[in-house]
Amino acid sequence: MSVITGSRRRGSGQRLRFLITAATLGLSGASVGTACSPVAAPSESGGPSAAPTHEAPTPSNTGPVTRGGTMTFKNIGATGYWGRRIEASEGDPRCNVEARWISYPWGGKEYCCRTRHEVTTNRLSPYNEQMTMVLEGPMRVKQFAVYQPVADPTGPWAIKSFWDRRSPTTFQNLHISGPGDKTPFTGDLGNNCAFYAMQDRKFPCGPGSNPYCPGSALDYDGWPGSKLVVLLASMPYADDPTLKPLSCIKPGEDERQQDAPWIGFSPSELNRDGWSGYHPCHCFANTNGAVGDGCGQINVFEVVAESSGSQWGNRDIISTGLRSFQVGSLGGSVCGIAGCGIGQFDASADLLDARALKAMAQGAVIDADNRASAYAPVWRRPLDDRYFAILLDEQSRVVQVMILHPGNLPGAARALLPALPSEVSRATIDGLVGLRLPQ
């Protein structure tokens with residue numbers, strides 16, 4: 001069974017889920033590339049950066065070599081607005097989206113003022129704003145890289161931020177905040193443990209900040225404009241012997257029922273709200289909190305927990321969906337365990353059709369201007385290594401989401417993978433934009 005989910009905002013190990021319910025309608029044998037030398041990366045919003053010299057990694061794969069997959073979201077971006085939180089007093093006329101007092105059950109109250117943040121470009125908005133990546137376990141990360149245009153968007157792209165498990169204490173223009181801002185990032189993420197990845201540049205929160213943010217462990221710049229994020233990672237089950245001791249689930253909760261890794265891309269201003277994206281005065285929605293028709297969020301790779309119900313949850317299936325003032329909710333198909341046992345799908349398939357209950361024969365294309373679709377694309381959860389990637393390109397107005405097996409890299413990706421060179425050409429980016437897998 002397939003269904004479109006509503007938005008889910010999660011963080012700090014919290015299990016907030018916005019699903020469609022009555023209440024919330026809502027490898028071995030990989031080729032090895034050459035070493036990479038440092039190169040200056042773009043200076044926008046984080047200063048120059050250089051990737052440390054690194055060799056291509058040796059992925060770990062025990063299952064079949066799979067075909068890979070892409071979900072291509074087209075025509076992304078629109079003019080419009082979302083409600084941005086600002087610092088203001090009661091009666092301020094700028095509070096034209098939301099103006100109210102919030103009373104807290106533990107005592108005290110706070111004035112919520114949100115003003116119209118007008119968007120005048122249709123190039124990828126709102127995802128051209130600063131974005132923060134959220135990684136939630138169970139997950140094992142080996143490499144993390146962010147590329148952005150060096151200057152002219154028609155020119156080369158360079159590594160902006162970088163981390164490699166083989167040098168775990170070296171973070172290149174990368175700040176990662178874990179549970180309680182105390183858990184170091186080693187690449188091993190326990191069940192329900194959330195880590196926030198940002199540039200290593202502080203954002204000035206506090207009085208007078210705009211967007212307003214009171215101050216928290218997440219007060220860092222995200223990545224603005226066009227960006228390509230690549231992770232070499234796997235999503236083992238929660239009972240993996242090396243990950244289970246790291247679990248962040250609450251006492252009394254069941255590891256399997258809460259087994260739901262997540263890679264999300266959220267507006268940085270949302271995560272800087274002091275509550276890791278859960279403050280009641282937020283930019284996430286203009287009108288409908290279940291859909292998220294505001295500053296948006298991308299559930300890049302989201303497993304819906306089986307605790308959500310067998311109609312929706314399935315620890316073997318990954319969903320991908322966009323939320324914003326432009327699209328409301330776009331994509332986000334799921335395939336509940338009640339009718340979607342993973343054994344019925346071809347073991348070589350990464351991209352699956354939840355509607356037809358079979359492997360996709362070609363890459364999925366989802367058009368924001370024409371939503372009619374004959375399929376409901378979802379992913380098989382990879383228990384061993386894959387390249388997980390999301391490309392957000394202002395020039396083409398495309399959000400490209402990819403899962404690639406290290407032993408079966410398509411030609412369009414070989415200038416990038418597995419070497420992760422310090423710089424790639426615009427032609428490489430265009431090749432990724434046009435990639436359709438399987439094919």
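Refer to the structure presented above.
Attention in this report is confined to the structure presented alongside it. (Residues numbered from 1 in each chain as written. Predicted model: local features only at pLDDT ≥ 70, side-chain atom pairs only at ≥ 80, totals over all residues. Heavy atoms only, no water.)

Relative to the elements of secondary structure, S422 occurs in the loop between β23 (398-404) and β24 (423-424). For S422, a relative accessible area of 6% gives the class buried. Separated by 275 residues in sequence, S422 and Y147 have C-alpha atoms that sit 8.6 Å apart. (Helix = DSSP H or I, 4+ residues; strand = E, 2+ residues; numbered from the N terminus. Buried < 20%, exposed > 50% of the residue type's maximum accessible area, 1.4 Å probe, protein only.)

Another point: the pairing of strand β6 (residues 131-136). Extensive coverage of β6 is indicated by the burial of 6 of its 6 residues. In this sheet, strand β11 (residues 194-198) lies alongside β6 in antiparallel orientation, the contact comprising 4 bridges. Of the residues in β11, the one forming a bridge with M133 is A197. (Pairing = 2+ DSSP bridges.)

What the 3 strands build is an open sheet, ordered β3-β5-β4; its pairing is antiparallel. Edge strands, defined here as strands with exactly one partner in the open sheet, are β3 (80-85) and β4 (98-103). This sheet shows a mean twist of 25 degrees between the axes of neighbouring strands, independent of strand direction. Sheet topology places β3 next to strand β5 (residues 109-119); 6 bridges connect them, and they run antiparallel. The residue bridging Y81 from the neighbouring strand is E118, located in β5. (Axes fitted to C-alpha atoms, helices over the stretch in contact; angles between N-to-C directions.)

What is meant by a disulfide is a covalent connection between two cysteines, made through their sulfur atoms. A complete count under the given rule lists 6 disulfides for this structure. Bridging C95 to C113, the disulfide has an S-S length of 2.1 Å. Around the S-S axis, the bridge from C95 to C113 shows a dihedral of about -105 degrees and counts as left-handed. Placement of the pair is C95 in the loop between β3 and β4 and C113 in strand β5, with a sequence separation of 18 residues. (Disulfide = S-S within 2.5 Å.)

Without other data, these values stay purely geometric and don't point to any function.
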